[in-house]
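Residues per chain, in single letters:
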Amino acid sequence: MNEKLKQALSEASKVFILTDENVASFWLPEVEHWLNCENAVEIVIKAGERHKNLQTVQRVWKTLMKHHADRNALLINLGGGVITDLGGFAASTYKRGIRFVNIPTTLLAMVDAAIGGKTGIDFGDAKNQIGTFAVAEDVIIDPVFLETLPQRELLSGLTEMLKYGFVADPELLQVSLENYESYISRCGDIKREIVAKDPHEKGLRKILNFGHTLGHAIESHCLTKESPLLHGEAVALGMLAALWLSVKYCGLDATVLQQFENQLPMLLSEAEFSLSKADVEPILAYLVHDKKNNCETPQFVLLEAVGKPVWEATLPSVAIKEALEYVIDKVANL
Ligand code: GLY
């Protein structure tokens, strides 16, 4: 255990561990033992994006209150992006903020969600509408948790790793199911570097939203359906749209789009979803809620070349619609 974590634990008046039912069944006793925290208060919630809401946060706050958590209490968030986002939000708002540590157990959370101080929950059918910037005391990355991660979740994380390839480091476009472990720390380093320069997403940090403008809209829309998409799957579709728009409006070499299209069947191989032309308008309606918007105009991150992103790109609505139709056509033929 590193010094930072040791110190956070020793200074805590009480330790709480937030996790979900899936992670609890595989890892909770082991992690408690490792942290030497067998007396920690466990808060186990249902797994999945559908539970990343105010009701679940209230449950966390109520448990903290019931066990008299004071300002020196520590919340350990053990799980994927839903747990680290929601737990970070609950901790950063309870008594105006208690400390928290993230122990990500999914690839996606290890390379993105658990790092960088964004916390939040979904609200009113739209993703991450309510949240705070609050930095975890520590983020513990241990690939051992990936041993029990379903392939579908691994693929979802792989997409976020490719995102770093597109916006920052072309070498990461080589990432695959065979080699991803060796690139985890590189992704974390890229994210930390960007966040250090722009912690509150005033400019540069927006590049980390590559593929997320339409990706979040598609994800929010699919949450209303029987089989929702995982975050990384929706982002894969959003990145396809962003690459297509980049070729059309920013001069990106079309082979970059082509290569991503070759990877798409693998990235979406475990996803169960169907999208048709009827979904276009409902998806576009979600763009209004996008936090990257300026005066209701959706802003996109596009690429002039791999590693050369432009952020705050605004596009005519007809172009956005065309890109979405392109995506829907592509996935219909996978
Ligand atoms: N996931 C994008 C960010 O943390 O800025």
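For the structure, see preceding data.
Residues numbered from 1 in each chain as written. Predicted model: local features only at pLDDT ≥ 70, side-chain atom pairs only at ≥ 80, totals over all residues. Heavy atoms only, no water.

J.: Explain a nonpolar patch on the surface to me, and be specific about the residues and the numbers.
T.: Taken together, the side chains of Leu-54, Phe-123 and Ile-130 make up a nonpolar region of the molecular surface, amounting to roughly 240 Å² of accessible area. Note on placement: Ile-130 falls in strand β6 (residues 126–133). Residue classification places Ile-130 among the partly exposed positions, given a relative accessible area of 32%. (Patch = residues over 30% accessible without salt bridge, like charges linked within 9 Å, V, L, I, M, F, W, Y side chains within 5 Å. Areas by Shrake-Rupley, 256 points an atom, 1.4 Å probe, with all protein chains shown as cover. Salt bridge = Lys/Arg side-chain N within 4 Å of Asp/Glu carboxyl O. Helix = DSSP H or I, 4+ residues; strand = E, 2+ residues; numbered from the N terminus. Buried < 20%, exposed > 50% of the residue type's maximum accessible area, 1.4 Å probe, protein only.)

J.: Run through the packing of aromatic side chains, naming residues and quoting values.
T.: The geometry of an aromatic ring pair is captured by the separation of the ring centres together with the interplanar angle, meaning the angle of the planes. The full count for this structure, using the stated rule, is five aromatic pairs. Taking 6.4 Å as the distance between ring centres and 45 degrees as the angle between the ring planes, the aromatic pair formed by Trp-61 and Phe-89 counts as tilted. Within this pair, whereas Trp-61 is found in helix α3 (residues 54–66), its partner Phe-89 is found in helix α4 (residues 81–93), the two being separated by 28 residues in sequence. Given a relative accessible area of 6%, Phe-89 falls into the buried group. (Phe/Tyr/Trp six-rings, centres within 6.5 Å; stacked < 30°, edge-to-face > 60°.)

J.: Now, about the packing of helix α9 (residues 231–250) against helix α12 (residues 317–332): what can you tell me, with residues and values included?
T.: Across the interface, α9 lies against α12 with an axial gap of 9 Å and an inter-helix angle of 125 degrees. Between α9 and α12, the angle is such that the two are oblique. Considering how the two elements wind past one another, α9 and α12 form a crossing that is right-handed. Here α9 contributes Leu-237, Leu-240, Ala-241, Trp-244, Leu-245, Lys-248 and Tyr-249 to the contact with α12, which in turn contributes Ala-319, Glu-322, Ala-323, Tyr-326, Val-327, Lys-330 and Val-331. Taken together, the residues that form the contact of α9 with α12 break down as 11 nonpolar, no polar and three charged. (Axes fitted to C-alpha atoms, helices over the stretch in contact; angles between N-to-C directions. Parallel < 35°, antiparallel > 145°, perpendicular 65-115°, else oblique. Left-handed = near helix turned anticlockwise from the far one by under 90°. Contact = heavy atoms within 4.5 Å. Nonpolar A, V, L, I, M, F, W, Y, C, P; charged D, E, K, R; others polar.)

J.: Account for the layout of surface pockets, naming residues and giving values.
T.: In this structure, the second largest pocket encloses a volume near 340 Å³. Lining the second largest pocket we find 23 residues, and of these Ile-115, Gly-116, Gly-117, Val-135 and Ala-136 sit closest to its centre. Of all the secondary structure elements, the ones that give two or more residues to the lining of the second largest pocket are β4 (99–104), β5 (118–123), β7 (138–139) and α7 (184–197). It is α7 that provides the largest number of residues to the lining of the second largest pocket, a total of three residues. For the lining of the second largest pocket, the residue count by class is 11 nonpolar, six polar and six charged. (1 Å grid on protein atoms, 1.4 Å probe; cavity = no way out; pocket = protein on both sides within 12 Å on 5 of 7 lines; lining within 4 Å. Points joined across faces, edges and corners; volume = space filled by probe spheres on them.)

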